[in-house]
Each structure stands twice: as C-alpha cells, then as structure tokens.
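# A look at the structure
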Amino acid sequence: MRYVILVLISLSLLAGGCKPSKQAHGQKWTETELKSLQGKTRDEVQEILGKPNGFYTRNAEGRWHYSDLLLDQEGSGSPKKVWLVIYFSQFGDQRATHVEIHDHQ
C-alpha cells in the first residue's frame, strides 16, 4: 500500500513539473518573433519552442527543425503552416546564427 501511494505521489510531481511548450498549444507566431530567435542559445530556443520535432533534427549537424508552426499573417487571413530551420554555431555557447522560415507547399 505504501508503494502505491509513493508511486502516485511521484507521478503527480513529475506531471506537475512538465510544462507544455507554446508549440503544443497551437501558438501563432509572427515572422518577427521567429526571426528574433537568432542569437539565442539552444536552451533558450528550446524554452520558447519546445523540443525540435522535424526531420532534419535526426541528423542535426548544427541545426534544429520545427514542423507545422502557425505563422500569423497579421490581418491577411488565417494563419498558415510553416516549418522552421534554425542553424547554430558550433563554437562557444552555440547560439542560433540563422533562422529560415519555409512555407508548406
């Protein structure tokens, strides 16, 4: 009985410590917000967008790929789906050096 209670407490603490990323909630991003990721460290990018989930992240070689981000077109229709590639420096604290936004075709 004690073990069951201990397991339940442990699971509740683990679940409480997990915060969903903005990406998971269908966050709408502006182009300015996405481009402003340039200069941020990997940890800062992960804090903002969550873990990378795209194909190119498997063989990262200094880049992270995010798929299915919603780009707010700021008054010109509904948000469109884009994918994002962030290139990181391989030196120092590995800051983002380039951010590419690509339309889904």
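In what follows, the structure referred to is the one given above.
Quick look at the structure, then. (Residues numbered from 1 in each chain as written. Predicted model: local features only at pLDDT ≥ 70, side-chain atom pairs only at ≥ 80, totals over all residues. Heavy atoms only, no water.)

### Describing the nonpolar core
As a rule of thumb, soluble globular proteins bury nonpolar side chains together. Heads up, the condition is: By nonpolar core we mean a set of buried residues, namely Ala, Val, Leu, Ile, Met, Phe, Trp, Tyr and Cys, connected to one another through side-chain atoms within 4.5 Å. Partly exposed residues are those whose accessible area sits between 20% and 50% of the maximum for their type, while under 20% is buried and over 50% is exposed, using a 1.4 Å probe and protein chains only. Every helix listed is a DSSP run of H or I at least four residues long, and every strand listed is a run of E at least two residues long, numbered separately from the N terminus. By the convention used here, residues are in contact when the closest approach between their heavy atoms is within 4.5 Å.
By size, the foremost hydrophobic cluster in this structure holds 15 residues, and its most contacted members are Leu49, Tyr66, Leu84 and Ile86. Only helix 3 (42–49), strand 2 (63–71), strand 3 (80–88) and strand 4 (96–103) provide two or more residues apiece to this core. Contacts of leucine 84, omitting those with residues within four sequence positions, involve Leu34, Leu37, Leu49, Trp64, His65, Tyr66, Leu69, Val99, Glu100 and Ile101.

### Looking at the sheet that holds strand 4
Where we set the bar: We treat two strands as partners when DSSP finds at least two bridges between them.
A sheet is described by the order of its strands in space; here four strands give the open sequence 1-2-3-4, paired in mixed fashion. For this open sheet the edge positions go to strand 1 (28–29) and strand 4, each flanked by a neighbour on one side alone. As defined by bridge partners, strand 1 adjoins strand 2 across two bridges and the pair is classed as parallel. Looking at the pairing, tryptophan 29 lines up with leucine 71 of strand 2.

### Thoughts on unusual backbone geometry
Of note in this structure, aspartate 68 is not a glycine but carries a positive phi near 60 degrees. Tracing the backbone through its elements, the reader meets aspartate 68 in strand 2. Even without glycine at this site, glutamine 94 takes up a positive phi of about 50 degrees. Structurally, the position occupied by glutamine 94 is in the loop between strand 3 and strand 4. Taking relative accessible area as the criterion, glutamine 94 reaches 24% and is therefore assigned partly exposed.

### Here we look at the pattern of salt bridges
Convention followed: We count a salt bridge whenever a side-chain nitrogen from Lys or Arg sits within 4 Å of a carboxyl oxygen from Asp or Glu.
By the definition in use, this model includes three salt bridges. A salt bridge links glutamate 44 to arginine 95, with the shortest nitrogen-to-oxygen separation between them at 3.8 Å. Taken together, the residues span a long stretch of sequence, with glutamate 44 in helix 3 and arginine 95 in the loop between strand 3 and strand 4 at a distance of 51 residues. Owing to a relative accessible area of 35%, glutamate 44 belongs among the partly exposed residues under this scheme. With its nearest N and O atoms 3.1 Å apart, the salt bridge here joins aspartate 93 to arginine 95. Classification of aspartate 93 by relative accessible area gives partly exposed; the value is 45%. Overall, the relative accessible area of 35% leaves arginine 95 in the partly exposed class. One network of salt bridges, in which partners are shared, links Glu44, Asp93 and Arg95.

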